[in-house]
Amino acid sequence: MNKNGFIKELSKQTGYDEEKCILINNVIENYFIFGRKNKDKIIKDLQIKASLNEDDSENVYDISMKIITGEIKNKLKHPFKNQN
């Protein structure tokens, strides 16, 4: 999944507009998402940069993790599947 695909999927699952999802994506790209220490940093940055409250920030983090891990699992199951 490319950046635009992630943003569209995030928008679909969260109900946020594309502009807010771009801000969220920018925050997530600044950190290695698979780390406990980084989870707290990402949540704090989402609160500041995307103007989300703590609960919404945690929810967005969880949704982002599901999208990313789902895509990784899909790539592992189907490594030669078309990337489009």
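These remarks concern the structure in this document. Values in this document were obtained by computation on a predicted structure and should not be read as measured data.

Describing the environment of Lys 77
At step 1: Examined against the element boundaries, Lys 77 turns out to sit in helix H4 (residues 54–77).
At step 2: Here the alpha-carbon distance between Lys 77 and Gln 13, two residues 64 residues apart in the chain, equals 23 Å.

Brief notes about the layout of surface pockets
If a probe as big as a water molecule is rolled over the atoms, it shows which places are left empty.
At step 1: Computed from the structure, the second largest pocket encloses a volume of approximately 160 Å³.
At step 2: What lines the second largest pocket is simply Met 1, Asn 2, Lys 3, Phe 6, Asn 25, Ile 28, Glu 29, Ile 67, Ile 68 and Glu 71.
At step 3: Mapped onto the lining of the second largest pocket, the elements with two or more residues apiece are helix H1 (3–14), helix H2 (18–29) and H4.
At step 4: Tallied by class, residues from the lining of the second largest pocket come to 5 nonpolar, 2 polar and 3 charged.

Details of the packing of helix H3 (residues 36–49) against H4
At step 1: At a minimum axis distance of 9 Å, the contact between H3 and H4 shows a crossing angle of 125°. In terms of their interaxial angle, H3 and H4 are classed as oblique. In the crossing of H3 with H4, the sense of the turn from one axis to the other is right-handed. Taken together, the residues of H4 that come into contact with H3 (itself represented by Lys 39, Ile 42, Ile 43, Leu 46 and Gln 47) are Glu 54, Ser 57, Glu 58, Val 60, Tyr 61 and Asp 62.
At step 2: Tallied by class, residues from the contact of H3 with H4 come to 5 nonpolar, 2 polar and 4 charged.

Cut-offs applied
- Residues numbered from 1 in each chain as written.
- Predicted model: local features only at pLDDT ≥ 70, side-chain atom pairs only at ≥ 80, totals over all residues.
- Heavy atoms only, no water.
- Helix = DSSP H or I, 4+ residues; strand = E, 2+ residues; numbered from the N terminus.
- 1 Å grid on protein atoms, 1.4 Å probe; cavity = no way out; pocket = protein on both sides within 12 Å on 5 of 7 lines; lining within 4 Å.
- Points joined across faces, edges and corners; volume = space filled by probe spheres on them.
- Nonpolar A, V, L, I, M, F, W, Y, C, P; charged D, E, K, R; others polar.
- Axes fitted to C-alpha atoms, helices over the stretch in contact; angles between N-to-C directions.
- Parallel < 35°, antiparallel > 145°, perpendicular 65-115°, else oblique.
- Left-handed = near helix turned anticlockwise from the far one by under 90°.
- Contact = heavy atoms within 4.5 Å.

Shape is all these values report; function is a separate question.
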